[in-house]
Each structure stands twice: as C-alpha cells, then as structure tokens.
Amino acid sequence: MIKIAVIPGDGIGKEVVAEGLKVLRKIEELSNVKFDFQEYPFGAEHYLKTGETLPDWALEEFRHFDAIYFGAIGDPRVKPGILEHGILLKLRFSLDLYVNLRPVKLYHPKLTPLKGKEKIDMVFIRENTEGLYAGAGGFLRKGTPHEVAIQEMINTRFGVERTIRFAFEYAKTKGRKKVTLVDKANVLTYAHDLWQRVFKEVASEYQEIETDHYYVDAMAMKMIRSPEIFEVVVTPNMFGDILTDLGAEIVGGLGLAASGNINPRGVSMFEPVHGSAPDIAGKGIANPLAAILTAALMLEHLGLDREASLVEKAVAKTIEENKVTPDLGGELKTSEVGNEVVKNLEVLWDEGEES
Ligand code: NAD
Ligand code: IPM
Ligand code: MN
C-alpha cells in the first residue's frame, strides 16, 4: 500500500488534482499497485475559517507518507505571502525538500511558440530551501520616507553542494551528458562565487559529464534562441522559479509544467509549477495535464517506472489528438481532458500487456 497525502489547496489546484487522482485510480485498477489517499484541507478556505495555515501536527503526519500530492495555494482574499510562506514554503523548508526538479519537455512540436524547434528536453534542478527564499530580512524605519526593506539571500556551502551534487547524479543516472550552471556571479560576487567554486569542484568528480555556464540574463535569452542545447540545469532558488515559468511557456505553457520537491532521504512532494490561477478558477477550463504529469513524476519517484512512462505517453497521445483545454487551443473541459487521459492510459496499458 502506497500512502499519499493529498493537498488540493485553492482555485484550480482542487480542479486539477481531481484529474490527477482519476489517473492514479485508473493505475490501481490496471495494476496491482494500491494507493491509500488521505486528503488535507489546507489552503485559503481553511485559513479564513480557522486562522490556521499548516499546523505542526500535520507536518509530523506527512513524514509518515510515501509522497505528498499538492495542487496549488493562493487566494485574492488573503494577503500575498501568508499562504505561500505558511503552507508551501513551510512544507519545502520543514521537510527539507531541497531540490525542486522541473522538467521542461516538448511533448509535441505544435506546442512551442518557437519557430522550427522540435526538440526541447531539459530538466531544471532548482535549489529549494535557501537563496532569496530563506526569509531573512526586515524593515528599517518602516513607513517613513527613509524606509529600507532588506531581504537577505542565504547560500550555504552545505545547501549549494547538495543541490549541485544532485544535479550531477541525476545527469549520470538518467544518461544526460551535460550540466549547465546558471547564476549571476558577475554581480553577486559573494553568493554566486560560492556556487561557481562548488560547481567546479563537484564537476571534477564527474569527468564524463560536460559542463556549461550562463549568467541568468543570458540564460533567459538562450532558452528562447537555442533551448535544444540544454540537458540538466542547476540554479539558485529564485532564478529557478523564474526560468521554469519561461521554460513552461516554450513547451506549451504552465498547463503542462510538472514538478517534484525532493528530499532523497525523506518524503517528497509533487505539485504542478502553476499556481491557483484565480482568473480561471471555477470555470472548469484549467488544464489538468501539468497535475497529471506531476502524478507521473511521483510514480517515477516511487519506483513505478512503467506506470509513470505510460501516464506520460497517455498525455502525449491526448495532446496529439487535440483533446485539450482552451489554453492549448482546444475546447475540452478540465474533467473531459482527465477522462481522455484515462481512456488513453487504458489503451496503452492493454497494448503493452499484449506485446
Ligand atoms: P498562476 O500560475 O496561478 O497563473 C498564471 C497564468 O497562467 C494565469 O493567467 C492562469 O490562468 C494561467 N494558468 C496557470 N495554470 C494554468 C492551467 N493549469 N491551465 C490553464 N491556465 C493556467 O500564477 P499567478 O496568477 O501569478 O498566481 C496566482 C496565485 O497562485 C498567487 O496567489 C500565487 O502566489 C499562487 N501560486 C501558487 C503556486 C503553488 O501553490 N505552487 C505557484 C505559483 C503561484
Ligand atoms: C512556485 C511558486 C512558489 C515559488 C510561490 C507560490 C511561493 O511560484 O512553486 O513556482 O516561488 O516557489
Ligand atoms: Mn513559480
């Protein structure tokens, strides 16, 4: 029995997680894998009702699960930062989910807005518990004309090294030939000097893997001009956040971008890259494919490689057949897309059994 904590969260988080669960239930039906899903109510509604974001008892419970499946949080009625820090970042920090693994993969050439690009397949390894997200800072003379707002960027040798090491190990085990470091060492001459030194050091242990480096501004340009040259990209927290929305857009948009928050020695959490999308929430038009591909990442993490790969193929087939939501130019509703993936999964599964 695989125990999964489910936090649908807010807005389209709830809508897309329902579709991911549909696909996971189909896996149960087709295979001998059994899931035990336990749902938690954390998010804006719960906060507005109780004043509670994420209680410590829940964090303790999460440690006993095999994985966490998360939708999205964020609500216009709640001051920015409360739910983001109180729930999402608290999960990442408290459970030490130090790698945010975000594939940027083109499932079909028609999805990219870039001319003539057919192959885009890179994986971002985003540092996930430090950098500008460390939460250190404060105000001086708040509310006066001389106010100073300070937000400190924390980079520890320990945190930087384990993230870079993860990137090289990932490249090695997945047969990828190159790791690219993205930083801003030309300006952040302390913080990112550390990144450069550690990167060189760790790279020297992986002679068979090629290395490469871009400053983050040039990287944004290069991802548009030549996305095909990237394989594994390792980068600090904030840059990883920004570049993976850009990455999502060059392969079809946020509706397709999956992610895992990984602690290699503990429970990991899986969530789409997108947020709660208040602009489209409640309309039944959110693209569930990011959440479904996120479920596939979770299956892979749980050692269910065949299941993961079939879910990915079922998604690719659904895109191929144009059974998609309006963000991808289709006319289907969120739940209809989920049903199509389930149908395709069943077909692909049977084909696999027969061959
Ligand atoms: P967003 O990702 O929610 O939305 C950005 C744009 O992309 C919107 O126009 C939205 O409609 C569209 N979009 C996103 N996902 C989509 C999908 N699956 N299908 C179709 N269209 C989709 O980002 P935002 O608007 O900047 O943030 C909204 C809220 O979500 C904020 O409160 C923010 O803090 C929060 N947020 C949460 C997470 C998370 O929980 N992991 C991530 C990002 C943002
Ligand atoms: C993401 C989100 C979060 C982040 C926010 C909501 C805290 O944008 O998961 O990409 O900045 O990491
Ligand atoms: Mn983001």
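It should be emphasised that the depicted structure is a prediction, and the values quoted were computed from it without experimental measurement.

Parameters at a glance
Residues numbered from 1 in each chain as written. Chains lettered and ligands numbered in written order. Predicted model: local features only at pLDDT ≥ 70, side-chain atom pairs only at ≥ 80, totals over all residues. Helix = DSSP H or I, 4+ residues; strand = E, 2+ residues; numbered from the N terminus. Expected span 1.5 Å × (residues − 1). Buried ≥ 20, exposed ≤ 12 C-beta atoms within 10 Å, placed from the backbone. Contact = placed C-beta atoms within 7 Å. Near = placed C-beta within 6 Å. Nonpolar A, V, L, I, M, F, W, Y, C, P; charged D, E, K, R; others polar. Pairing = 2+ DSSP bridges. Axes fitted to C-alpha atoms, helices over the stretch in contact; angles between N-to-C directions. Core = buried A, V, L, I, M, F, W, Y, C linked by C-beta atoms within 7 Å. Domains from an automatic or database assignment. Parallel < 35°, antiparallel > 145°, perpendicular 65-115°, else oblique. Left-handed = near helix turned anticlockwise from the far one by under 90°.

Colleague: I'm lost on helix α5 (residues 157–173) in this one. Help?
Modeller: Every α-helix carries 3.6 residues per turn, so stepping three or four residues along brings you back to the same face. Between its first and last C-alpha atoms α5 spans 24 Å; for 17 residues at 1.5 Å apiece the expected length is 24 Å, and the two agree. Those residues of α5 that fall on the buried side of the exposure criterion are Gly159, Val160, Thr163, Ile164, Phe166, Ala167, Phe168 and Ala171. Looking at the buried residues of α5, the elements they touch are β4 (99–105), β5 (121–127), β8 (178–183), α6 (191–203) and β10 (232–235). Phi for Gly175, located one or two positions after α5, is positive at around 70 degrees.

Colleague: Just to check I follow, could you spell out the site of ligand 2 for this structure?
Modeller: Neighbouring ligand 2 are the residues Glu84, Leu88, Leu89, Asp241, Val273 and Gly275. In terms of residues, the shell around ligand 2 owes the most to one element, helix α4 (residues 82–94), which gives three residues. Of the residues assigned to the shell around ligand 2, the class counts are three nonpolar, one polar and two charged.

Colleague: Just to check I follow, could you spell out the environment of Glu271 for this structure?
Modeller: Mapped onto the elements, Glu271 comes out in strand β12 (residues 268–272). Sequence separation between Glu271 and Thr129 is 142 residues; the distance between their C-alpha atoms is 16 Å. In contact with Glu271, other than residues within four places in its own chain, are Phe70, Gly71, Ala72, Ser259, Asn261 and Thr294.

Colleague: Just to check I follow, could you spell out the pairing of β10 for this structure?
Modeller: The side chains of a regular strand alternate, first on one face of the sheet and then on the other. Side chains Val232 and Val234 of β10 all project onto a buried face; the interleaved residues Val233 and Thr235 project onto the opposite face, where all are buried too. Two strands pair when backbone bridges link them, and β5 and β10 are joined in this way by four bridges, in the parallel orientation. Residue pairing for β10: Ile125 is matched across the bridge by Val234. Judged from the three bridges that link them, β8 and β10 form a sheet pairing that is parallel. For Leu181, the partnering residue across the bridge sits in β10 and is Val234.

Colleague: Is there a simple way to explain the sheet that holds strand β3 (residues 67–72) in this structure?
Modeller: Paired through their backbone hydrogen bonds, the strands of a sheet run either parallel or antiparallel. With respect to topology, ten strands assemble into an open sheet ordered β2-β1-β3-β12-β11-β4-β5-β10-β8-β9, the strand pairing being mixed. A single partner strand is all that each edge strand has here, and the edge strands are β2 (35–39) and β9 (210–215). Neighbour-to-neighbour, the strand axes of the sheet open up by a mean angle of 25 degrees, direction not taken into account. The pairing of strand β1 (residues 2–9) with β3 spans five bridges and is classified as parallel. Each bridged residue has a counterpart across the sheet, and for Ala5 the counterpart in β3 is Ile68. Strand contacts of α5: β4, β5, β8 and β10, with the helix running at about 160 degrees to β5, the strand carrying the most contacts.

Colleague: Looking at this structure, how should I read the nonpolar core?
Modeller: Generally speaking, nonpolar side chains in soluble globular proteins are found buried as a group. Counting residues in each nonpolar core, the largest one holds 98 residues, and the members touching the most others are Ile68, Tyr69, Ile125, Ile292, Ala295 and Val311. For this core, the domains that each give at least three residues are domain 1 (1–98 + 258–355) and domain 2 (113–250).

Colleague: How should the pairing of β4 be read in this particular structure?
Modeller: Within β4, six of the seven residues are buried, which leaves the element mostly enclosed by the surrounding structure. With seven bridges connecting them, β4 and β5 associate as antiparallel partners. Considered in β5, the bridge of Leu101 is made with Ile125. Here β4 runs beside strand β11 (residues 258–262); their pairing, made up of three bridges, is antiparallel. Looking at β11, one finds that Asn100 is bridged to Asn261.

Colleague: Help me out: how do you make sense of the domain arrangement of the protein in this one?
Modeller: When the parts of a complex come together, some accessible area is lost, and that lost area is often used as the size of the interface. What the domain assignment reports for the protein is domain 1 (1–98 + 258–355) and domain 2 (113–250). On a C-alpha basis, the centroid separation for the pair domain 1 and domain 2 is 25 Å. Contacts between the two partners involve eight residues from domain 1, matched on the other side by nine residues from domain 2. Among the elements that take part in the side of domain 1 that touches domain 2, α4 stands out by supplying three residues, more than any other.

Colleague: Whenever I open this one, the site of ligand 1 confuses me. Can you help?
Modeller: Ligand 1 sits among 21 residues. The nearest are Gly74, Gly255, His274, Gly275 and Asn287. Here the shell around ligand 1 is built from residues that sort into eleven nonpolar, six polar and four charged.

Colleague: Hey, could you run me through the packing of helix α10 (residues 305–320) against helix α11 (residues 334–354) in this one?
Modeller: The angle between the axes and the distance between the axes are what describe a pair of packed helices. Here α10 crosses α11 at 120 degrees, and the two axes come no closer than 8 Å. Judged on the interaxial angle alone, α11 and α10 are oblique. Here α10 runs over α11; the crossing is right-handed. Between α10 and α11, the residues in contact are Leu310, Val311, Lys313, Ala314, Val315, Lys317 and Thr318 and Val337, Glu340, Val341, Asn344, Leu345, Leu348, Trp349 and Gly352, respectively. Its residues placed into classes, the contact of α10 with α11 shows nine nonpolar, three polar and three charged.

Colleague: For this particular structure, what's the right way to read unusual backbone geometry?
Modeller: The backbone of Asp96 shows a phi angle near 55 degrees, a positive value even though the residue is not glycine. In this fold, Asp96 is placed in the loop between α4 and β4. Positive phi outside glycine occurs at Arg141, with the angle close to 50 degrees. When you line up the elements, Arg141 lands in the loop between β6 (137–140) and β7 (148–151).

Colleague: Looking at this structure, I do not really get the packing of helix α1 (residues 12–30) against helix α9 (residues 289–301). What am I missing?
Modeller: Here α1 crosses α9 at 45 degrees, and the two axes come no closer than 8 Å. In this view, α1 runs oblique relative to α9, as classed from their interaxial angle. Relative to α9, α1 is oriented so that their crossing is right-handed. On α9, the residues touching Val16, Val17, Glu19, Gly20, Val23 and Leu24 of α1 are Ala290, Ala291, Ile292, Thr294 and Ala295. The residue inventory of the contact of α1 with α9, partitioned by class, reads eight nonpolar, two polar and one charged.

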